[in-house]
Each structure stands twice: as C-alpha cells, then as structure tokens.
Amino acid sequence: MTRPPPLDPFPREQLAGDSLLAARALLGARLLREPDRPDGECRVGRIVEVEAYIGQEDRASHARMGPTQRNRVMFGPPGIAYVYLVYGMHHCLNVVTEAEGRPAALLIRAVEPLEGLAAMRAARGRPGIADHRLAAGPGCVGAAFSLDRAVTGTDLCSRTASLRLASAPPDEPAPSIITGPRIGIAYAGDPWTSMPWRLAVADSRALSRRIA
DNA sequence: CTAATGATGTCCT
DNA sequence: GGACATCATTAGA
C-alpha cells in the first residue's frame, strides 16, 4: 500500500491576475479541509463550478459599493478566503483574485467529493443524499466543508491551513470547460446579468444545475 | 421534469 | 425596511 504523493499547494500566481483565467485554473483543483477531531477524516473535493465577480464596476459583486465591513478582504491580496452568509442560512466560499486593491473573487459553486464523504454527509445532516450531490451548490459546499464566516481571511494557498486549495495531480487531464451567465443576480441588470462568468467542468455530475 | 414557497439573519440605506 | 451570489420540499404536468 503506497499512498499517493501529497498534492502541491495551489500557486498564488494563478489567482493574482485576470479572474477568468484564474477560474479556469481553479477548475479541477482540490479543496481540502483538515479533520476537526484527531480521529476525523480529511475532506477533499474537486472544484467543478465557479463564478467570477470582477471589480467594483460589476453590479453583481459584493464589492459594488466599495469596501465595507463584510467585503473588505475582496480588496486585499489574492488567495484569501471570503465567506459570507446568504439568505440568513447558507455560507458561501469565495477565493479572492487579482491584485491587492482591485476587488475580485471566485465563488465556489460546486465540488465533486473525493475523500471524507462520511464527514461531508454528517456535516450536511442529510443521511440519504447521493454522493455527487453532497457539495453541488454554493450553500452545499459551505455545509459539506463546515464553513462559516470565521473562515474569512484564511490563506487558501498556505500549505498548512485547515482549509486550503491544492493543485490536481500532475497526471490528471485538464478538464473541458463550459461557461454561462451567473445565477441569482437579476438585480444587477445588463450587461452584468449576461456576462458568461459562470464556468464549470463540462462532464461533471456534481454541478449545481445545468449550464449552457 | 418544472414551478412555487418558506426558512432565516446580516448587510446597507 | 428591503433585499439577498440558496436549498429542500411540495405540488402539479
């Protein structure tokens, strides 16, 4: 029995530039959550769906009204986690992108479970849910990985953070990517509602819903 | 399969 | 006070 080699931390340079390029780089990468107890299992999933929120001019972005108490990490350096509460009950995970001073982030909308499925299922509190649905939706990702606003500020490119990103194994083929408009942002108006800034792995079963 | 609906707390004006 | 980067369930076609 040989264990697979440990995955490399996700390179911050891939998040520091254009958010749509960062989104393409992040699809296929891994999200890791260390166990919260010594006997717990590590939760690992493959990122299969993201949405980009780019700049203060993006009327769909939390950054649209400038820095506030909630959104301030979006204005900081790339690779940092931004978790917010939506509809009073769901925690959504974002990865900050682009240079410090320019607010942008990628919302992690869906993750394909790879390891620690029992822990994810327990955290979700839905015993009968299918494996590929455990983290299929931004609120589901938050629940399956036990995220809350305290996670905001975590450096996801760190090698040791309890929540972090890792590159896919080097022998894994790059995923085929499809795009479509972002979900749930009708309030933003055109052209923001129609920008194709939702990106997903084409053949994944774990998407939050159909795309393109 | 699609459409409608209620639960819920924080944020910003 | 209004709106919200959602989800699970229910009802109906």
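Throughout what follows, the structure given in this document is the object of discussion. (Residues numbered from 1 in each chain as written. Chains lettered and ligands numbered in written order. Predicted model: local features only at pLDDT ≥ 70, side-chain atom pairs only at ≥ 80, totals over all residues. Heavy atoms only, no water.)

## A few points about the overall build of chain A
Working step 1: Along its length, chain A carries four helices and eight strands.
Working step 2: Starting at the N terminus and ending at the C terminus, chain A contains elements arranged as α-α-β-β-β-β-β-α-α-β-β-β.
Working step 3: Rg of the C-alpha trace for chain A: 16 Å, near the compact-globule value of 17 Å for 212 residues, within the 12% margin.
Working step 4: Along the first, second and third principal axes, the C-alpha atoms of chain A reach 55 × 35 × 30 Å.
Working step 5: Each of the 212 residues in chain A was classed as buried or not, and the buried ones make up 50%.
Working step 6: Pairs at least 24 residues apart make up 62% of the contacts formed inside chain A by residues separated by at least 6 positions.
Working step 7: Total accessible area computed for chain A in this model is approximately 10400 Å², and 53% of it derives from carbon and sulfur atoms. (Helix = DSSP H or I, 4+ residues; strand = E, 2+ residues; numbered from the N terminus. Rg over C-alpha atoms; globule rule 2.2 N^0.38 Å. Buried < 20%, exposed > 50% of the residue type's maximum accessible area, 1.4 Å probe, protein only. Contact = heavy atoms within 4.5 Å. Areas by Shrake-Rupley, 256 points an atom, 1.4 Å probe, with all protein chains shown as cover.)

## Focus on the protein's contact with DNA strand B
Working step 1: Neighbouring DNA strand B are Met-65, Thr-68, Arg-70, Leu-85, Tyr-87, Gly-88, Met-89 and Arg-149.
Working step 2: Within 4 Å of the protein, the contacting atoms of DNA strand B are 58% sugar and phosphate, with bases supplying the remainder.
Working step 3: Within the backbone of Gly-88, a nitrogen or oxygen atom sits 3.3 Å from a sugar or linking oxygen of DNA strand B.
Working step 4: Taken together, the residues that form the surface near DNA strand B break down as four nonpolar, two polar and two charged. (Near = heavy atom within 4 Å. Polar contact = N/O pair within 3.5 Å; in protein donor to acceptor, adjacent residues only side chain to side chain. Nonpolar A, V, L, I, M, F, W, Y, C, P; charged D, E, K, R; others polar.)

## Side note on the pairing of strand 8 (residues 198-201)
A regular strand places its side chains on the two faces of the sheet in alternate fashion.
Working step 1: Burial along strand 8 is two-sided: the face carrying Arg-198 and Ala-200 and the face carrying Leu-199 and Val-201 are both buried.
Working step 2: In this structure, strand 7 (residues 177-180) lies alongside strand 8, joined through four bridges in antiparallel fashion. The partner of Gly-180 across the bridge, within strand 8, is Arg-198. (Pairing = 2+ DSSP bridges.)

## Thoughts on unusual backbone geometry
Working step 1: Residue Pro-191 is reached from Asp-190 by a cis peptide bond, and omega for that bond is 0°.
Working step 2: Mapped onto the fold, Pro-191 is located in the loop between strand 7 and strand 8.

## Details of the nonpolar core
Working step 1: Judged by nonpolar contacts, the single largest core of 58 residues is most densely connected at Leu-26, Leu-31, Ile-47, Ile-108 and Phe-145.
Working step 2: Those residues within four positions of Ile-108 in sequence are excluded, and the remaining contacts are Leu-26, Ile-47, Glu-49, Val-50, Leu-93, Val-95, Pro-138 and Val-141. (Core = buried A, V, L, I, M, F, W, Y, C linked by side-chain atoms within 4.5 Å.)

## Observations concerning the protein's contact with DNA strand C
Working step 1: Residues in close proximity to DNA strand C total 20 residues, the closest being Tyr-84, Tyr-87, His-90, Asn-94 and Tyr-187.
Working step 2: Taking the atoms of DNA strand C that fall within 4 Å of the protein, sugar and phosphate contribute 62% of them.
Working step 3: Here a base nitrogen of DNA strand C sits 3.4 Å away from a polar atom, N or O, in the main chain of Ala-60.
Working step 4: Interatomic distance of 3.3 Å between a backbone N/O atom of Cys-140 and a phosphate oxygen of DNA strand C.

## Quick word on the pattern of salt bridges
Should the charged atoms of two oppositely charged side chains come close, the side chains can pair.
Working step 1: Evaluation of the coordinates by the stated rule reveals 13 salt bridges.
Working step 2: Each of Arg-30, Arg-46, Glu-112 and Glu-172 takes part in one network of salt bridges that share partners. (Salt bridge = Lys/Arg side-chain N within 4 Å of Asp/Glu carboxyl O.)

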